[in-house]
Amino acid sequence: MISHLFRLIWNKKKAHTLLIVEIWASFMVLFGLATLIVVNVGNYREPLGFAYENVWAIDLNNNQDTTEVANKLGRIVQQLKTYPEVESVSRMSSNFPFSANQMNDGVEYNKRNVVSDRYVTDENFAQTLGISVTDGKWYRNADSVGKYRPMVINEKAKEELFGNENALGKIVSDKFRVVGVMDNFKAKGEFMTNKPAVFELMEAKNSWSNIVLIKVKPGTDAVFEANVVKNIATMVKGWSVEVNYLTDSRKNQHNLVLVPVIIAAIVSGFLLINVALGLFGVLNLSIAKRRGEIGLRRAIGATGSGISTQFIGEIWVLATFAMLIGLLFAVQFPLLNVFDLASGTYMTAIGIAVLIIYGIVTLCALFPSRQAALIQPATALHEE
């Protein structure tokens, strides 16, 4: 039966070439879309590593002011701590969570060099963002005494730098001592891949780390925000102040990820609709041309379900031809380690694409095959 179906399709390969190409193209688009979705769903399921609710990022720009910038930043931090609406205050570098800014740096241990996201923060950073240290502690200002500066790393950086070794106390890049290890830190949002991250203690005279994170009490509104901006502007003349809610910044980061996925889904949807219409038309035309054959088969004892199964089988064979070609391309991605993704991600995406293609062709074949099964032998043979 199967060999007969393959022979039927092969004999009509010229008529079916365009349809095979459409199914192949649909498979490749679905494979790409499924890969994108599998990666993002996998990332989303991993913990973010910090709490962003009720946290504001205050961006302070000193503009042309270069006089005692570090002292002025320190006074602003002290002033913010006096507000009853503020639970915690922390200074950090410009790459605050969900921002567009990034800082990358290489850290080295025993000739292992790992490129990681680098953050410069103060001792209150973990408290402000609700970060839990799984091993060791978060650094304090007192830890800066000595030859080596304190550093906290995330679990991903620990794995790539030290493997299964204990990271605490290790000297990194000949100037940092690891004092703590945290779990994840996905600064760009839930859809971000968990990457190595290192946190170093801000120096007392630091004048370029101009982001102040404040954790406010629930229910704090824009009235307090306006009051804070006004007071800061009074303290430091000529400075510009911008307040970003981390909840809003998180939504913007999500949009940057979801928009390409939605566009790809729309393109894939249009392509699948075209394929479905093509399959539907091909099957209807095939039934119209083969009414005599169908009538003869019914006359010699073929059942309606047998006729229906044959047409569904033919369209499955057609889809198999197309996807075999697609699989030759798709399997190259895990074999060549394209985009540095796990092989399981690609295999899952291939499986999803295959199931969707077979599901679509089956749905498209159900109605025409049912119509073929209803053809009466006497009527079909009389028409012949």
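Residues numbered from 1 in each chain as written. Predicted model: local features only at pLDDT ≥ 70, side-chain atom pairs only at ≥ 80, totals over all residues. Heavy atoms only, no water.

Here we look at the overall build of the chain
Stage number 1. A count of helical and extended segments in the chain gives 12 helices and 11 strands.
Stage number 2. Here the chain, with 384 residues, has 45% of them falling under the buried criterion.
Stage number 3. The long-range fraction of contacts in the chain, counting pairs at least 24 apart against all pairs at least 6 apart in sequence, stands at 82%.
Stage number 4. As displayed, the chain has an accessible area near 19,600 Å², and 59% of this comes from carbon and sulfur atoms. (Helix = DSSP H or I, 4+ residues; strand = E, 2+ residues; numbered from the N terminus. Buried < 20%, exposed > 50% of the residue type's maximum accessible area, 1.4 Å probe, protein only. Contact = heavy atoms within 4.5 Å. Areas by Shrake-Rupley, 256 points an atom, 1.4 Å probe, with all protein chains shown as cover.)

Comments concerning the environment of K175
Stage number 1. Along the chain, K175 turns up in the loop between β7 (171-172) and β8 (176-182).
Stage number 2. Considered as a pair, K175 and M151 are 24 residues apart in the sequence and their alpha carbons are 9.6 Å apart.
Stage number 3. With near-sequence residues (within four places) excluded, K175 lies in contact with Y148 and R149.

Quick look at unusual backbone geometry
Excluding glycine, residues mostly have negative phi values, and the peptide bonds linking residues are mostly trans.
Stage number 1. Positive phi values are uncommon outside glycine, yet S173 reaches one of about 55 degrees.
Stage number 2. Of note, S173 is situated in the loop between β7 and β8.
Stage number 3. Located in the positive-phi region is N337, a residue other than glycine, with phi close to 55 degrees.

Observations regarding the packing of helix α3 (residues 69-81) against helix α6 (residues 222-235)
Stage number 1. Between α3 and α6, the shortest axis-to-axis distance is 11 Å and the interhelical angle comes to 145 degrees. Of the two possible hands of crossing, α3 and α6 adopt the one that is right-handed. Within the contact between the two elements, α3 uses R75, I76, Q79 and L80 and α6 uses V228, I232 and M235.
Stage number 2. Here the contact of α3 with α6 is composed, by residue class, of 5 nonpolar, 1 polar and 1 charged. (Axes fitted to C-alpha atoms, helices over the stretch in contact; angles between N-to-C directions. Left-handed = near helix turned anticlockwise from the far one by under 90°. Nonpolar A, V, L, I, M, F, W, Y, C, P; charged D, E, K, R; others polar.)

Observations regarding the packing of aromatic side chains
Stage number 1. This structure, assessed with the given rule, holds 21 aromatic pairs.
Stage number 2. Residues Y119 and F199 carry aromatic rings whose centres are separated by 5.1 Å and whose planes lie at 15 degrees to one another, so their mutual orientation is stacked. Placement of Y119 in strand β4 (residues 112-121) and of F199 in strand β9 (residues 197-201) is noted, with a sequence separation of 80 residues between them. Each member of the pair, Y119 together with F199, is buried.
Stage number 3. Here F185 and F199 contribute two aromatic rings whose centre-to-centre distance is 4.9 Å and whose plane-to-plane angle is 90 degrees, an arrangement assigned as edge-to-face. Placement of the pair is F185 in the loop between β8 and β9 and F199 in strand β9, with a sequence separation of 14 residues. Exposure class is identical for F185 and F199. Each is buried.
Stage number 4. One aromatic cluster in this structure is built from F50, Y52, F98, Y119, F125, W138, Y139, F185 and F199. (Phe/Tyr/Trp six-rings, centres within 6.5 Å; stacked < 30°, edge-to-face > 60°.)

Looking at the pattern of salt bridges
Side chains that differ in charge, positive against negative, can pair when their charged atoms come close.
Stage number 1. The final tally for this structure, using the stated rule, is 8 salt bridges.
Stage number 2. For the salt bridge of E200 with R149, the shortest nitrogen-to-oxygen distance reads 2.7 Å. Of this pair, E200 sits in strand β9 while R149 is found in strand β6 (residues 149-154), placing the two residues 51 residues apart along the sequence.
Stage number 3. The class for E200 is buried, based on a relative accessible area of 5%. (Salt bridge = Lys/Arg side-chain N within 4 Å of Asp/Glu carboxyl O.)

Some words on the UniProt feature "transmembrane region" (unreviewed entry) in the chain
Stage number 1. According to UniProt, the positions carrying the feature "transmembrane region" (unreviewed entry) are residues 21-42, 257-283, 315-333 and 345-367.
Stage number 2. The span residues 315-333 shows a helical share of 95% and a strand share of 0%, and its end C-alpha atoms are spaced 28 Å apart.
Stage number 3. Counting secondary structure, residues 345-367 comes out at 100% helix and 0% strand; the distance between its end C-alpha atoms is 35 Å. (UniProt positions renumbered as here; feature names shortened; annotations may be inferred.)

Considerations on empty space enclosed by the protein
Stage number 1. Applying the stated rule across the entire model yields 1 cavity of 30 Å³ or more.
Stage number 2. Estimates place the volume of the largest cavity at around 50 Å³.
Stage number 3. Around the largest cavity sit N95, N101, Q102, M103, D117, Y119, A187, K188 and M192, which together line it.
Stage number 4. Its residues assigned to classes, the lining of the largest cavity shows 4 nonpolar, 3 polar and 2 charged. (1 Å grid on protein atoms, 1.4 Å probe; cavity = no way out; pocket = protein on both sides within 12 Å on 5 of 7 lines; lining within 4 Å. Points joined across faces, edges and corners; volume = space filled by probe spheres on them.)

Focus: the nonpolar core
Stage number 1. I23, F27, F31, L279, A319, I357 and V361 are the most contacted members of the largest nonpolar core, which has 28 residues in total.
Stage number 2. If you list the elements that add at least two residues to this core, you get α2 (13-45), α7 (246-289), α9 (304-330) and α11 (343-373).
Stage number 3. A per-element tally of this core places α11 first, with 10 residues.
Stage number 4. Contacts of I357, omitting those with residues within four sequence positions, involve I23, S26, F27, L30, L272, A319 and M323. (Core = buried A, V, L, I, M, F, W, Y, C linked by side-chain atoms within 4.5 Å.)

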